[in-house]
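Residue-level listing of the chains:
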Amino acid sequence: MQIVQAGYEILDPLNGEEILKKIERVARVCYKSEDKITDGSAEKMVRALVKRGHEAMLEHFSFSVKFIVDRGVSHEIVRHRVASFAQESTRYCNYGHEGEIAVIKPCYLVKEENSLTYSDKGAQYSFWERSCKMAEVDYLNMLKRGATPQEARAVLPNSLKTEVVMTANLREWRHFFKLRACGMTGKPHPQMLEVAVPLLKEVKSLIPVVFDDLEPMEG
């Protein structure tokens, strides 16, 4: 069984300066103020849009992120219905063709080497790992006995590693981060924070102004 760390990959080049310029050009159509575009006007315009809550203008730029997470976390990601998604299919992907499945290590569990002195966290990791290995054995055995991948998937765990691409405009990414990285409606799942927090920090460094008011949670 392969144990994988969660992660993400931004699939588009993000030129923050050009993004702000595009949003400004779009927004100024509303006011017919294109003649006021200057070298430094884009940042000021976008900052004012965000402050006033005029976020419809942020819908005019989109980018894609590939998340490497477990199936449970992926179910939270795909709830953002303004976005578009592509996810590997457990119906058609045969996870047994290499003789093992891949699972995502829960970031809140700690593997301990000495089973005689397991802490509660160490014992939890042992239970989790054993359950995943049992699921792997059952999945492979079902395939060997003629089950199709879509039939054998019934025994796969929530910890199964999956890849899901999310494409969304800047407004929806703000909504995503508010819920999944900033905890504005309650603390997110720790495995969601594991990918959403560093993603928000990276996006803030790449795109000025748009995400400056969002503060990621830690831990």
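Up top is the structure these notes are about.
In this report, we go over the structure that sits alongside the text.

Conventions adopted
- Residues numbered from 1 in each chain as written.
- Predicted model: local features only at pLDDT ≥ 70, side-chain atom pairs only at ≥ 80, totals over all residues.
- Heavy atoms only, no water.
- Helix = DSSP H or I, 4+ residues; strand = E, 2+ residues; numbered from the N terminus.
- Rg over C-alpha atoms; globule rule 2.2 N^0.38 Å.
- Contact = heavy atoms within 4.5 Å.
- Areas by Shrake-Rupley, 256 points an atom, 1.4 Å probe, with all protein chains shown as cover.
- Buried < 20%, exposed > 50% of the residue type's maximum accessible area, 1.4 Å probe, protein only.
- Pairing = 2+ DSSP bridges.
- Salt bridge = Lys/Arg side-chain N within 4 Å of Asp/Glu carboxyl O.
- Phe/Tyr/Trp six-rings, centres within 6.5 Å; stacked < 30°, edge-to-face > 60°.
- Core = buried A, V, L, I, M, F, W, Y, C linked by side-chain atoms within 4.5 Å.
- Polar contact = N/O pair within 3.5 Å; in protein donor to acceptor, adjacent residues only side chain to side chain.
- Axes fitted to C-alpha atoms, helices over the stretch in contact; angles between N-to-C directions.
- Parallel < 35°, antiparallel > 145°, perpendicular 65-115°, else oblique.
- Left-handed = near helix turned anticlockwise from the far one by under 90°.
- Nonpolar A, V, L, I, M, F, W, Y, C, P; charged D, E, K, R; others polar.

Our focus in this paragraph is the overall build of the protein. The secondary structure content of the protein amounts to seven helices and six strands. Shown N-terminal to C-terminal, the secondary structure of the protein runs as helices and strands in the order β-β-α-α-β-α-β-β-α-α-β-α-α. Taking 219 residues into account, the globule formula puts the C-alpha radius of gyration at 17 Å, and the protein, at 22 Å, lies well above it. Referenced to the eigenvectors of the C-alpha coordinate spread, the extents of the protein come out at roughly 70 × 40 × 25 Å. When contacts within the protein are restricted to residue pairs at least 6 apart in sequence, long-range pairs at least 24 apart make up 73% of them. Of the accessible surface of the protein, which amounts to about 11700 Å², a share of 50% is contributed by carbon and sulfur atoms.

What follows deals with the pairing of strand β3 (residues 62-70). Most of β3 is tucked away, with seven of its nine residues classed as buried. Bridging between strand β2 (residues 7-10) and β3 involves four bridges; their strand directions are antiparallel. By the bridge assignment, E9 is partnered in β3 with K66. Sheet analysis places β3 next to strand β6 (residues 161-169), joined by nine bridges and oriented antiparallel. What sits directly across from I68, in β6, is E163.

Once that is clear, we can look at the pattern of salt bridges. All chains considered together, the criterion is met by 17 salt bridges. Here E55 ties to R174 by a salt bridge, and the two come within 3.1 Å at their closest N and O atoms. Separated by 119 residues along the polypeptide, E55 in the loop between α2 (41-52) and β3 and R174 in helix α6 (residues 170-180) bring together distant segments of the chain. Between K161 and E163 there is a salt bridge, and its shortest N-O distance comes to 2.9 Å. Residue K161 is classed as buried on the basis of its relative accessible area, which comes to 18%. Judged by its relative accessible area of 27%, E163 is partly exposed. One connected set of salt bridges, linked through shared partners, spans E9, K66, K161 and E163.

Turning next to the packing of aromatic side chains. Using the criterion set out here, one finds nine aromatic pairs in the structure. Aromatic side chains F67 and W173 sit 6.5 Å apart centroid to centroid with 45 degrees between the ring planes, which places their arrangement in the tilted category. Taken together, the residues F67 in strand β3 and W173 in helix α6 connect sequence positions 106 residues apart. Judged by its relative accessible area of 0%, F67 is buried. You can call W173 buried: its relative accessible area is 0%.

Ranked by internal contacts, the top residues of the largest apolar core, which has 43 residues, are F63, F67, L170, W173, F177 and F211. If you tally residues by element for this core, the top one is helix α7 (residues 190-206), at eight residues. Look past the residues within four positions of W173 in its chain and what remains in contact with it is F63, V65, F67, M166, A168, L199 and F211. Counting 14 residues, the second-largest nonpolar core is a separate cluster that includes W128, C132, A152 and L156.

What follows is about the environment of W173. When the C-alpha positions of W173 and S64 are compared, they lie 10.0 Å apart, and in sequence the two are 109 residues distant. There is a polar contact of 3.0 Å between the side chain of W173 and the backbone oxygen of A168.

Let's shift gears to the packing of helix α1 (residues 16-31) against α2. Interaxial distance between α1 and α2 falls to 9 Å at its minimum, and their mutual angle equals 65 degrees. Considering the angle they form, α1 stands roughly perpendicular to α2. Two packed elements cross with a definite hand, and for α1 against α2 that hand is left-handed. Mapping the contact onto sequence places L20, K21, I23, E24, A27, R28 and Y31 in α1 and S41, A42, E43, M45, V46, L49 and R52 in α2. Split into classes, the residues belonging to the contact of α1 with α2 amount to eight nonpolar, one polar and five charged.

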